[in-house]
Amino acid sequence: MKQWTKNILDYGTAGFYVSPKYGRDLPEKPTYHPKTNNDPNAYGGPNNPLKSWEKFTQEATNNKIGIFDSSL
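About the thresholds
- Along each chain, numbering runs from 1 in the same order as the chain's sequence is written.
- Since the coordinates come from a predicted model, pLDDT governs what is reported: local features require at least 70, and pairs of side-chain atoms require 80 or more to be given and counted, while whole-chain, interface and lining totals use all residues.
- Hydrogens and water molecules were not included; the side-chain quantities draw on all heavy atoms of the structure.
- Comment: elements are numbered from the N terminus, with helices defined as DSSP H or I runs of at least four residues and strands as E runs of at least two.
- Type-normalised accessible area, obtained with a 1.4 Å probe on protein chains alone, sets the label of each residue: buried when under 20%, exposed when over 50%, and partly exposed for intermediate values.
- Contacts are residue-level and defined by heavy atoms, with any inter-residue pair within 4.5 Å sufficient.
- Methods summary: accessible areas were calculated by the Shrake-Rupley approach with a probe of 1.4 Å, and residue burial reflects only the protein chains presented.
- Just to be clear on terms, a salt bridge is a Lys or Arg side-chain nitrogen sitting within 4 Å of an Asp or Glu carboxyl oxygen.

(A) Spotlight on the overall build of the chain. A tally of regular secondary structure across the chain gives one helix and two strands. Secondary structure elements of the chain occur, N-terminal to C-terminal, as β-α-β. Looking at the chain as a whole, 40% of its 72 residues are labelled buried. In the chain, of all internal contacts separated by at least 6 residues, the share reaching a separation of at least 24 is 58%. Accessible surface computed for the chain: about 4,500 Å², of which carbon and sulfur atoms make up 50%.

In structure tokens form, the structure reads like this:
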């Protein structure tokens, strides 16, 4: 899995990782949250990112931050 150079906490207190190349969109809600469930393998975390902008916008609220991997 690709190593991320930034951490969600560098930008705020809540968010998801998104990677078109390494991610996957599952039917359930993402479970990653850096304050309450900071397991990097949780769905939406750095080792299990979302795949698409669409999934991010479905699940994100006003206080969510997204870290996007360009997959280059």
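(B) Expanded view of the pattern of salt bridges. Counting across every chain of the model gives two salt bridges. Between Glu-59 and Lys-29 there is a salt bridge, with its nearest N and O atoms 2.9 Å apart. Taken together, the positions of Glu-59 in helix H1 (residues 53–59) and Lys-29 in the loop between strand E1 (15–18) and H1 put the pair 30 residues apart, joining distant regions of the chain. The buried category is assigned to Glu-59, whose relative accessible area is 14%. We classify Lys-29 as exposed; its relative accessible area is 58%.

Geometric values such as these leave the question of function open.
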